[in-house]
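# Remarks on the overall topology
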Amino acid sequence: MEDTVIVITGGHGGIGKVVVYCLLKKGAKVVVLDTNDTKSSKIKSNENYTFIKTDVTNINDLQNAHDIIKEKYNHINHLISMAGINMKSEVEGIKGITFEDIDKSIKLNLNAHIYLIKTMLDLLENAKQKDNKSFLMISSINAITAYGLPAYSAAKSGIYGFMNSILNELGKSYIRVNTISLGTVPHMEQEVKGDEYFEHYVKHLAIKHFVRPNDVADTIYALLKIAKCINGQNIVLDMGQSV
Ligand SMILES: NC(=O)c1ccc[n+]([C@@H]2O[C@H](COP(=O)([O-])OP(=O)(O)OC[C@H]3O[C@@H](n4cnc5c(N)ncnc54)[C@H](O)[C@@H]3O)[C@@H](O)[C@H]2O)c1
C-alpha cells in the first residue's frame, strides 16, 4: 500500500489501533484523528504514521485536520470513519437515557460521519488513482438487532441511509462508499465486563468465537486493496451473531 494515504478516525481505540498497525505494516501512510492522544509504542515510531488530535464532532477541529493533511499529502485515498461509542446512560434503555446523551450519541455516531466526508471530500477527489479511493464507515449490528442502546443503534442504522444517499455523488469521482457493521469485538481497551457479558453474547454465535480486532483489520485491508468492486454495501462482520 505504498503511495496510499489512509485517514482513520478513532484510530487509537481498541479496534482502531490494530487496524492502524496492520495498514502501516502494509506500507500505507496513516493519519489518525482521535481525541485520545495516547500512542501505542508499536506505531508511534513509524515514519508513515501521523496523529492529529481531533474531536470529530467539532467542525473547527476537522477543518484543522483537513488543512494539515492537505499541506502534508494534498490527497487522501481512503477515509475510514471509525470513532464511535455508546453513552453510559443508554445502557438503561429509553427510560434511562438522558436527553443530553441522546444528542451526544447521535452527534458522534451519525453526524460526525457526515461532517467528516463533507470536510475531507476535496482531498479524496484529489487522489489520482481511480481504483484506489474509498470512504468506509463503521457501524454495528445494533442497527439490526434488539440489543438496546437506543440512540447509538438509531445512529448506527442512520449510517446505511447516509451511505446510499452519497453513493452516486461520490461515484462521479470514483470514490467507493461502504459500511462495515461489527458484531461483538472484545478488545484490550474495554472496561472489564465480566464473563457473564461474554457468555450472553457468545450464545448468539453460530461459531463460538468472537470477531477480533485483527479480523476487522484483515477485512478492511481486503476491502481497500483487493475487493475493489464492492461499493454501496453494508458488510456484516459478526460470525453470524445477528442471524
Ligand atoms: N467493540 C465492539 O464490540 C464493537 C461492536 C460494534 C461496533 N463497534 C464500533 O467500532 C468502532 C470502534 O469501537 P471500539 O470498540 O474500538 O471503541 P473504543 O472505545 O475502544 O475506541 C473508540 C475510539 O474513538 C475515539 N473517540 C471517541 N469520541 C471521539 C471524538 N468525539 N472524536 C474523535 N475520536 C473519538 C476514542 O478516543 C477511541 O480511541 C466504533 O464505531 C464502535 O461503535 C464496536
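Our structure is the block above this text.
Residues numbered from 1 in each chain as written. Predicted model: local features only at pLDDT ≥ 70, side-chain atom pairs only at ≥ 80, totals over all residues.

## Examining the overall build of the chain
Secondary structure summary: the chain contains eight helices and seven strands in total. Against the compact-globule benchmark of 18 Å for 243 residues, the chain has a radius of gyration of 17 Å, which places it among compact chains. Dimensions of the chain, computed from the C-alpha atoms along their principal axes, are close to 50 × 35 × 35 Å. Looking at the chain as a whole, 40% of its 243 residues qualify as buried. In the chain, 72% of the contacts between residues at least 6 apart in sequence involve partners at least 24 apart. (Helix = DSSP H or I, 4+ residues; strand = E, 2+ residues; numbered from the N terminus. Rg over C-alpha atoms; globule rule 2.2 N^0.38 Å. Buried ≥ 20, exposed ≤ 12 C-beta atoms within 10 Å, placed from the backbone. Contact = placed C-beta atoms within 7 Å.)

## Considerations on the nonpolar core
Among the nonpolar cores identified, the biggest contains 59 residues, and V7, I8, V19 and V30 are the most heavily contacted of them. With residues near it in sequence (within four places) discarded, I8 still touches G16, V19, V20, V30, V32, I80 and M82. (Core = buried A, V, L, I, M, F, W, Y, C linked by C-beta atoms within 7 Å.)

## Looking at the sheet that holds strand β2 (residues 29-34)
Taken together, the seven strands give an open sheet; going across it, the order is β3-β2-β1-β4-β5-β6-β7, and neighbouring strands pair in parallel fashion. Strands at the two margins of the open sheet, each flanked by one partner only, are β3 (49-53) and β7 (234-237). Here the strands of the sheet are splayed against their neighbours by 20 degrees on average, with no regard to which way each runs. As judged from the four bridges shared by strand β4 (residues 78-81) and strand β5 (residues 134-140), these two strands associate in the parallel manner. Counterpart to S81 in the pairing with β5 is M137. (Pairing = 2+ DSSP bridges. Axes fitted to C-alpha atoms, helices over the stretch in contact; angles between N-to-C directions.)

## A short note on the packing of helix α1 (residues 16-25) against helix α8 (residues 213-226)
Relative orientation of the contacting elements α1 and α8 amounts to 45 degrees, with a least axis distance of 8 Å. When the axis of α1 is compared with that of α8, the two are oblique. Considering the relative orientation of α1 and α8, their crossing is right-handed. Facing V18, V19 and C22 of α1, the residues of α8 in contact are P213, N214, V216, A217, I220 and Y221. Across the contact of α1 with α8, the residue classes tally to eight nonpolar, one polar and no charged. (Parallel < 35°, antiparallel > 145°, perpendicular 65-115°, else oblique. Left-handed = near helix turned anticlockwise from the far one by under 90°. Nonpolar A, V, L, I, M, F, W, Y, C, P; charged D, E, K, R; others polar.)

## Quick notes on α1
One turn of an α-helix holds 3.6 residues; hence residues three or four places apart share an orientation. Counting buried residues along α1, seven of its 10 residues qualify, which places the element largely inside the surrounding structure. Taken together, the buried positions of α1 are G16, K17, V18, V19, V20, Y21 and L23. Buried-residue contacts for α1 involve β1 (5-9), β2, α2 (41-44) and α8.

## What to know about the site of the ligand
Looking at the ligand, there are 26 residues lining it, with G10, G13, G14, I15 and G84 nearest. Of the residues that constitute the shell around the ligand, the class distribution is nine nonpolar, 14 polar and three charged. (Near = placed C-beta within 6 Å.)

## Some words on unusual backbone geometry
The phi torsion at N74 lies on the positive side, around 65 degrees, for a residue other than glycine. Relative to the elements of secondary structure, N74 occurs in the loop between α3 (59-72) and β4. Taking the number of C-beta atoms within 10 Å as the measure of exposure, N74 has 11 and is therefore exposed. Residues other than glycine seldom take positive phi values, yet L149 does so here, at roughly 55 degrees. Considering the arrangement of structural elements, one finds L149 in the loop between β5 and α6 (150-171). Among the residues examined, L149 registers 20 C-beta atoms within 10 Å and is labelled buried.

## Quick notes on the environment of I159
Inspection of the secondary structure puts I159 in helix α6. With 148 residues separating them in the primary sequence, I159 and G11 have C-alpha atoms 19 Å apart. When sequence neighbours within four positions are dropped, the list of residues in contact with I159 reads L110, H113, M137, S139 and T179.

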